[in-house]
Amino acid sequence: MQRITGKERDETSIELKSAEDSQTTDDPDALTAFRIILHSDENNGHGIYLSDRGSSLPGHTETDKLQRNRDTVFFRDGVRRIDFVLSYVEDKDEKKPERRREFEANLEKAGLELETEDRRDSDDGRTYFLKIHAPWEVLATYADVLKIKVPFKLSDVPHAQDVPLGWLSQPFRLPEKIMRPQPDYFTTAFDKGKTDFFLINDKDSLFPPSTRNRIVFYILARCPYQKEDRQEKYKKGIKRLLSNGTYTAAFPLHDSRYWKGATNQECESERYNLYKNWARFLCFYKEQPLNLIRKYYGEKIGIYFAWLGFYTEMLFFAAVMGVICFAYGLLSYDDNISSKEICDPSIGGSIVMCPLCDKKCSFWKLNSTCLSSWQSHLFDNEGTVFFAIFMGIWVTLFLEFWKRRQARLEYEWDLVDFEEQQQQLQMRPEFEMKCTRKRMNPITKESEPYLPMSSKLARFCISGTTVLFWMSLIVACIIGVIAYRLAVFAAFASIMKDSPTRNIQLVGNLITPQLATSVTASCINFVIIMILNFFYERVAVWITDMEIPKTHLEYENKLTMKMFLFQFVNYYSSCFYVAFFKGKFVGHPGNYTYMFGEASRLRNEECDPGGCLIELTTQLVIVMVGKQLWGNIQEALLPLMRNWWGSRKGRHQPENQYSRWEQDNDLLNFTQLGLFYEYLEMVVQFGFITLFVASFPLAPLLALCNNILEIRVDAWKFTTQFRRPVASKARNIGAWQEILNVVAILSVVTNAFIVAFTSDMIPRLVYLYSTHNKDELTMRGYVNNSLSVYSISQIRLDSMPEDGDSPSWYSNSSITTCRYRDYRYPPGHQKQYDHTMQFWHILAAKMAFIIIMEHVVFVVKFFVAWMIPDVPSEVKARIKRERYLIQEYLHNYEVEKLKLQLCLSNFPVPASATPTRNATSTANTTMTNMDACSELCTEVLCPLDTDETTAECPSPSPSLPGWKSTLESRDMAGDATA
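Residues numbered from 1 in each chain as written. Predicted model: local features only at pLDDT ≥ 70, side-chain atom pairs only at ≥ 80, totals over all residues. Heavy atoms only, no water.

### Section: the overall build of the protein chain
Piece 1. From N to C terminus, the protein chain includes 31 helices and 17 strands.
Piece 2. Across the 978 residues in the protein chain, those meeting the buried criterion constitute 49%.
Piece 3. Contacts spanning at least 24 positions in sequence make up 78% of the contacts within the protein chain whose residues lie at least 6 apart.
Piece 4. Of the accessible surface of the protein chain, which amounts to about 47700 Å², a share of 58% is contributed by carbon and sulfur atoms. (Helix = DSSP H or I, 4+ residues; strand = E, 2+ residues; numbered from the N terminus. Buried < 20%, exposed > 50% of the residue type's maximum accessible area, 1.4 Å probe, protein only. Contact = heavy atoms within 4.5 Å. Areas by Shrake-Rupley, 256 points an atom, 1.4 Å probe, with all protein chains shown as cover.)

### Brief notes about the nonpolar core
Nonpolar side chains in soluble globular proteins tend to end up buried together.
Piece 1. By size, the foremost hydrophobic cluster in this structure holds 130 residues, and its most contacted members are Trp307, Tyr311, Trp394, Phe688 and Trp736.
Piece 2. With 16 residues, the top contributor of residues to this core is helix H10 (residues 299-331).
Piece 3. Not counting residues within four places of it along the chain, the set of residues in contact with Trp307 comprises Phe398, Trp402, Tyr679, Met682, Ile733 and Leu740. (Core = buried A, V, L, I, M, F, W, Y, C linked by side-chain atoms within 4.5 Å.)

### Re the packing of helix H18 (residues 552-580) against helix H23 (residues 735-758)
Piece 1. The geometry of H18 relative to H23 is characterised by a closest axis approach of 12 Å and an angle of 10° between their N-to-C directions. On the basis of the axis angle, H18 is roughly parallel to H23. Where H18 approaches H23, its residues Asn557, Thr560, Met561, Phe564, Phe568, Phe576, Ala579 and Phe580 are matched on the opposing element by Ala735, Trp736, Ile739, Val743, Leu746, Thr750, Phe753, Ile754 and Thr758. (Axes fitted to C-alpha atoms, helices over the stretch in contact; angles between N-to-C directions. Parallel < 35°, antiparallel > 145°, perpendicular 65-115°, else oblique.)

### Digging into the sheet that holds strand S6 (residues 127-133)
Piece 1. Ordered by their spatial adjacency, four strands build an open sheet running S5-S6-S4-S9, and the pairing between neighbours is antiparallel. Only two strands of the sheet have a single partner each, and these edge strands are strand S5 (113-117) and strand S9 (249-251). Each strand of the sheet is rotated relative to its neighbour by a mean of 20°, with strand direction disregarded.
Piece 2. In this sheet, S6 lies alongside strand S4 (residues 84-89) in antiparallel orientation, the contact comprising six bridges. Each bridged residue has a counterpart across the sheet, and for Val85 the counterpart in S6 is Lys131.
Piece 3. Contacting S4, S5 and S6, helix H2 (residues 95-109) crosses the sheet at an angle of about 165° to S4.
Piece 4. Where helix H6 (residues 209-222) meets the sheet, its contacts fall on S4 and S6, and the angle it forms with S4 comes to roughly 45°. (Pairing = 2+ DSSP bridges.)

### Topic: unusual backbone geometry
Piece 1. Its identity is not glycine, yet Asp414 carries a phi of approximately 60°, on the positive side.
Piece 2. Structurally, Asp414 is set in the loop between helix H13 (382-412) and helix H14 (418-422).
Piece 3. Classification of Asp414 as buried rests on a relative accessible area of 15%.
Piece 4. Look at Ile548: it is not a glycine, yet its phi comes out positive at around 50°.
Piece 5. Among the residues examined, Ile548 registers a relative accessible area of 7% and is labelled buried.

### Concerning the packing of aromatic side chains
Piece 1. Counted under the stated rule, the structure contains 64 aromatic pairs.
Piece 2. Ring centres of Trp307 and Tyr679 lie 5.8 Å apart, and the angle between their planes is 50°; this geometry places the pair in the tilted category. Of this pair, Trp307 sits in helix H10 while Tyr679 sits in helix H21 (residues 674-691), placing them 372 residues apart in sequence.
Piece 3. Classification of Trp307 by relative accessible area gives buried; the value is 0%.
Piece 4. If you follow Arg81 out to its NZ or CZ, it ends over the ring of Phe74, 6.0 Å from the centre.
Piece 5. Over the face of the ring belonging to Trp661 we find Lys131, whose NZ or CZ atom lies 4.4 Å from the ring centre. (Phe/Tyr/Trp six-rings, centres within 6.5 Å; stacked < 30°, edge-to-face > 60°. Lys NZ or Arg CZ within 6 Å of the ring centre and 35° of its normal.)

### Concerning the environment of Asp121
Piece 1. Within the secondary structure layout, Asp121 lies in the loop between S5 and S6.
Piece 2. With 541 residues separating them along the chain, Asp121 and Glu662 place their C-alpha atoms 9.8 Å apart.

### Let's talk about the state of the cysteines
Piece 1. Inspection of the entire model under this criterion finds three disulfides.
Piece 2. For Cys354, the disulfide goes to Cys818, at an S-S distance of 1.9 Å. Negative torsions about the S-S bond denote left-handed disulfides, and the value of about 85° found for Cys354 with Cys818 makes this one right-handed. Here Cys354, found in the loop between strand S10 (352-353) and strand S11 (364-365), pairs with Cys818, found in strand S17 (residues 817-821); they are 464 residues apart in sequence, far enough to count as distant.
Piece 3. Since its relative accessible area comes to 3%, Cys354 is described here as buried. (Disulfide = S-S within 2.5 Å.)

### Let's talk about the packing of H18 against H21
Piece 1. Following both chains from N to C, one finds H18 and H21 inclined at 35°, their axes separated by 11 Å at the closest point. Crossing of H18 against H21: the hand is right-handed. Here Leu559, Thr560, Met563, Phe564, Gln567, Phe568, Tyr571, Tyr572 and Cys575 of H18 lie close against H21, whose contacting residues are Phe676, Tyr677, Leu680, Val683, Val684, Gly687, Phe688 and Leu691.
Piece 2. The residue inventory of the contact of H18 with H21, partitioned by class, reads 14 nonpolar, three polar and no charged. (Left-handed = near helix turned anticlockwise from the far one by under 90°. Nonpolar A, V, L, I, M, F, W, Y, C, P; charged D, E, K, R; others polar.)

### Let's talk about the pattern of salt bridges
Piece 1. A complete count under the given rule lists 38 salt bridges for this structure.
Piece 2. In this structure, the salt-bridge partner of Asp77 is Arg80, at a minimum N-O distance of 2.7 Å.
Piece 3. Since its relative accessible area comes to 39%, Asp77 is described here as partly exposed.
Piece 4. Residue Arg80 is classed as partly exposed on the basis of its relative accessible area, which comes to 25%.
Piece 5. For Asp760, the salt bridge goes to Arg764, with nearest N and O atoms at 3.9 Å. (Salt bridge = Lys/Arg side-chain N within 4 Å of Asp/Glu carboxyl O.)

### Notes on the confidence of the model for the protein chain
Piece 1. On average, residues of the protein chain score 78 in pLDDT, and 77% of them are at 70 or above.
Piece 2. Scored below 50 in pLDDT, residues 911-932 makes 27 contacts in the model with residues more than four places away or belonging to other chains. (pLDDT = per-residue confidence, 0-100.)

### Details of the side chain of Gln685
Piece 1. By secondary structure assignment, the location of Gln685 is in helix H21.
Piece 2. Within polar-contact distance, the side chain of Gln685 engages the side chain of Asn707 at 2.9 Å.
Piece 3. Leaving out residues up to four positions away in the same chain, Gln685 has contacts with Tyr311, Leu315, Met624, Gln628, Ala703, Asn706 and Asn707. (Polar contact = N/O pair within 3.5 Å; in protein donor to acceptor, adjacent residues only side chain to side chain.)

### Brief notes about a nonpolar patch on the surface
Piece 1. There is a patch of nonpolar side chains on the surface, built from Phe172, Phe281, Phe284, Tyr285 and Leu709 and spanning about 470 Å² of accessible area.
Piece 2. Note that Phe281 resides in the loop between helix H8 (270-279) and helix H9 (290-297).
Piece 3. By relative accessible area, Phe281 is classed as partly exposed at 45%. (Patch = residues over 30% accessible without salt bridge, like charges linked within 9 Å, V, L, I, M, F, W, Y side chains within 5 Å.)

### Observations regarding helix H24 (residues 761-770)
Piece 1. The buried count for H24 comes to seven of 10 residues, which makes it a mostly enclosed element.
Piece 2. Turning to H24, its buried residues number three or more, namely Met761, Ile762, Pro763, Arg764, Val766, Tyr767 and Leu768.
Piece 3. Of the surrounding secondary structure, the elements contacted by the buried residues of H24 are helix H11 (337-343), H13, H23, helix H25 (782-785) and helix H27 (837-867).

### Quick look at the pairing of S6
Look at any regular strand and the pattern is simple: side chains alternate between the two faces of the sheet.
Piece 1. Burial runs high along S6: seven of the seven residues are buried.
Piece 2. Neither face of S6 is left uncovered, since the one carrying Thr127, Phe129, Lys131 and His133 and the one carrying Tyr128, Leu130 and Ile132 both have all their residues buried.

### Here's the deal with the side chain of Asp414
Piece 1. Here Asp414 occupies a buried position and makes no salt bridge, while the nearest side chain of opposite charge, Arg294, is found at 4.0 Å.
Piece 2. Of the polar contacts made by the side chain of Asp414, one reaches the side chain of Thr187; its length is 2.7 Å.
Piece 3. Once residues lying within four places of it in the same chain are set aside, the contact partners of Asp414 are Lys149, Thr187, Arg294 and Lys729. (Lys, Arg positive; Asp, Glu negative; His and termini not counted.)

Rendered as structure tokens:
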């Protein structure tokens, strides 16, 4: 195999000095210095390298026209396409050149064609680029191995008809050539022995670039870098060569610059079309060109953007309903009798509340929480119950309709039978290398590597212990944040006792000890979340690698479960604390409950008289919005700055000399787990808008705005900032589907508990329908009814406010009792400070509400899931028709093949009488001695693609190439000869 490469040892150089290196000359014909290098490579082949990197003289810009355009995706011959690029830098390690020589020699033995770009042509003067081309024989062989589907018949299924009022959606649509970049075909798995069965108009365009780079990467991942006589199993695959520094990068090429399209006007740039119609933010209201995304990046990335787009579409309906519920809270603002009583100086101003902490906290009046009570009403009203039920049904509709959309994509993208066919072929090279033991596969009856059960169990125990340790670390951090809340609340209460914040304009009246504690604790918790995320991501990858999963699908599922369990505890634990634990285990004056024992003096937190819902809303907004803002900054700014810095040298070159491989090498690498983090980000967001949505109806609106931006940011990253990923297949979103199902079920439970225990809805309803006369339903007196009485004289001395901490109105009054949030008997009662019957009535009502809400939502969920089939009926019909056509066409193919073989056996053609393409007289003589069947045999024996006019027809072949085209041409041309 001959390769064009850079200067190696044992080479001969013939140099022509430039004018700058010789004496000064005025010769107008002096041109750029050239270097011609003849060398012998490791395969004893000969190559020529022509360097034009010298200094061109003034006045001779015509020299630039002679330079080869290096912004191309083809070899130097302009014919062979570059399917993959490897880059490397020479250093002092002597093992790396040997590994590269063996690896490249084995690639050539596998049939790949290589071409090297010398380092002197690179922008840094250090990097070599190895370009790889897969010829037709290699593509056909591995397409057969990988069972890649190719077309055999144009689809006869009509597209969906235009819907009524379809013109309304016209502004949101893209051109048809963008939405459907290629016609629809019926497809089946490729068979190299039956190439004439398929619709192959051009072998070079049969497999798109995404399929070509997938095939080449399959070879690279399994190609050894050792000699055949060595049996070191670990020395195999491009991944190990990248990890040990033998190669610095491996990537397929983008087809052009994203902002100007292909240089060849006849070849339309898919990258440019994606950027123009998809990656720009001004296209945020347009539909996504999913078929073009799939064609360019592969099915796995295509299915992600399909899911993200569908999720965003469904969020629109949840956001509208959330805005309606929030608007109801605004419109019913003036009807909130409880808040009016709290703010009324004669009611709320006359109620003295017990201290919220020991020593540092003083007595306070109820009307100091006037503002927070109004804020709570915006989210804690009758619409909260309706919205919680609606979101439980919305989640079901989203998951069921996505299953239908996914089934449609599986058929359109030839993924129906993918998983069953590809499980064995997707075996990870790491598993093959690290598992030295082999056993017989009972299905394939072939020897394959396996991991012993003892080793698998030990690795699983280590992995599980590591995950539990990190989850325990999160819980410890949450406990630390809770301790901070308890300690800082007392400090804020002491600082604000004289209301120094009231002097602050605009926000002075908004700042309370509760609000200050909640906001600062939420921010600290968010910082802890980000720090733990940073470290755990690396730990999760390490322990998943240690388990040595067999297939890529198994690897991703294991990593997905580990990461989501951690993220679930990390992101949601603080919200769970505020929703279900804060204010529930407080005790009462004289018998408070302390977090770390009475000696710590850290009394458990209480909720505001209006409930803890507003604090849960604050916690949710800070964590959710903070995560989204930080994520968008990371996704947009960091890649842009890193790529700007990495390409600073290449930008100074002439445009046609900044090569395509150097441009892509300067971009960021899209790792195997890149898509995993995109899914994780969206699933965590999905948890926020479903698990705690009852506390914040505007959460779907925030998620909708974020996702509209997220789609375009991700599209921009893929199109402009990342190297082209290796195409890979996926029929669905994998383990994320099951995680979404679990979150959907859990969300019904959490929202029912939030409405029952965190919201103040149930106590208000019990008071409304049980305390007053049914003819006069009113909430007047509810605030007084919800507060119990305690005698100040019975408060222990170590819990009383310190001298000087009490407000002036308390010192000048003769107040003997204080109020606290609970339902207990007053002092002097025979059951003083025990729970009243109303407490048990409210508790029973809460439990009844939880049971009723869960059963109603679950019944509706299961009914909706039963009513909506997972696979649309038209998709089922198309799948059946395609399978029928495959059987019919293959049957006809085999029958015609058998007829031709029988023909050949009954009418042998003498070697002397075998016709040639231009030997018309001989052909006519032969045909006169054969009947119609023999005539057909002669046509098949003389294929139309014979290159040389004098070449003899080949001998009969079992595959009989050209049978279909021959039959079709006979039907069209009548008596045309071969």
